[in-house]
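# Summary of the model geometry
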Amino acid sequence: MNNYDNLSSYTKDELIQLIEIYSKNWLAMDGVWFQSIERKLGMDEAMHHDAEAWRRFTVIEARRIKEFLKLGDNSGIEGLAVSLKLRFYANINTDKIIIDDDVLIYSAVDCRVQTARKRKGMKFHPCKSVGIIEYSEFAKVIDSRFECECLSCYPDITDDSCCCSWKFTLKRN
């Protein structure tokens, strides 16, 4: 038996590196299945399956993060901010969060998906429609009072300083 038979034998720095590897692997798998459908059946069919996958996955991801953080049902802006930072791709994309009272603006400054597609000479992923599902459902698991609005996301880019930007408003009524 060698020193690397279980996770407890790794240093903190090695575990952080491993999380980054896992995140990249997860994102690669997400892209590989999407591109397989895109090549065989076209973008519309790939987007349909992508939306269905994210509709289910984002809820699972949010529930697990919420449980890990021991967040209550109404964890508000602070709960959403910390939860967004723990999403699977958060440590491999560059993002920014701005909080103003009951509004949180989340921006992906650099997105590995779009960077990879550009590098491969592919059209950008039209992620706005799926992003609406992904971010809305994620936020509602963290706190059901959130409403999500897309500020900028391909193909409707309104802010060239980021790949996408989302506005979360906490409704207190």
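This text follows the structure it describes.
Below, the structure is looked at part by part.

What counts, and where the lines are drawn
- Residues numbered from 1 in each chain as written.
- Predicted model: local features only at pLDDT ≥ 70, side-chain atom pairs only at ≥ 80, totals over all residues.
- Heavy atoms only, no water.
- Core = buried A, V, L, I, M, F, W, Y, C linked by side-chain atoms within 4.5 Å.
- Buried < 20%, exposed > 50% of the residue type's maximum accessible area, 1.4 Å probe, protein only.
- Helix = DSSP H or I, 4+ residues; strand = E, 2+ residues; numbered from the N terminus.
- Contact = heavy atoms within 4.5 Å.
- Axes fitted to C-alpha atoms, helices over the stretch in contact; angles between N-to-C directions.
- Parallel < 35°, antiparallel > 145°, perpendicular 65-115°, else oblique.
- Left-handed = near helix turned anticlockwise from the far one by under 90°.
- Nonpolar A, V, L, I, M, F, W, Y, C, P; charged D, E, K, R; others polar.

### Quick notes on the nonpolar core
Counting 35 residues, the largest nonpolar core has Leu-80, Leu-84, Leu-104, Tyr-106, Trp-166 and Phe-168 as the members making the most contacts within it. For this core, the secondary structure elements donating two or more residues are helix H1 (12-41), helix H2 (43-69), helix H3 (76-84), strand S2 (103-110), helix H5 (128-142), strand S3 (146-153) and strand S4 (164-170). Beyond its immediate sequence surroundings of up to four residues, Trp-166 is in contact with Leu-104, Ile-105, Tyr-106, Lys-128, Gly-131, Ile-132, Tyr-135, Cys-148, Glu-149, Cys-150, Leu-151 and Cys-153.

### Some words on the packing of H3 against H5
The interhelical angle for the contact between H3 and H5, taken along N-to-C directions, is 125 degrees, at an axis separation of 9 Å. Here H3 lies oblique to H5, going by the angle between them. The handedness of the crossing between H3 and H5 is right-handed. Of the residues in H5, those touching H3 at Gly-79, Leu-80, Ser-83 and Leu-84 are Tyr-135, Phe-138, Ala-139 and Ile-142. In the contact of H3 with H5, the residues fall into six nonpolar, two polar and no charged.

The quantities given are spatial measurements derived from coordinates; they are silent on function.
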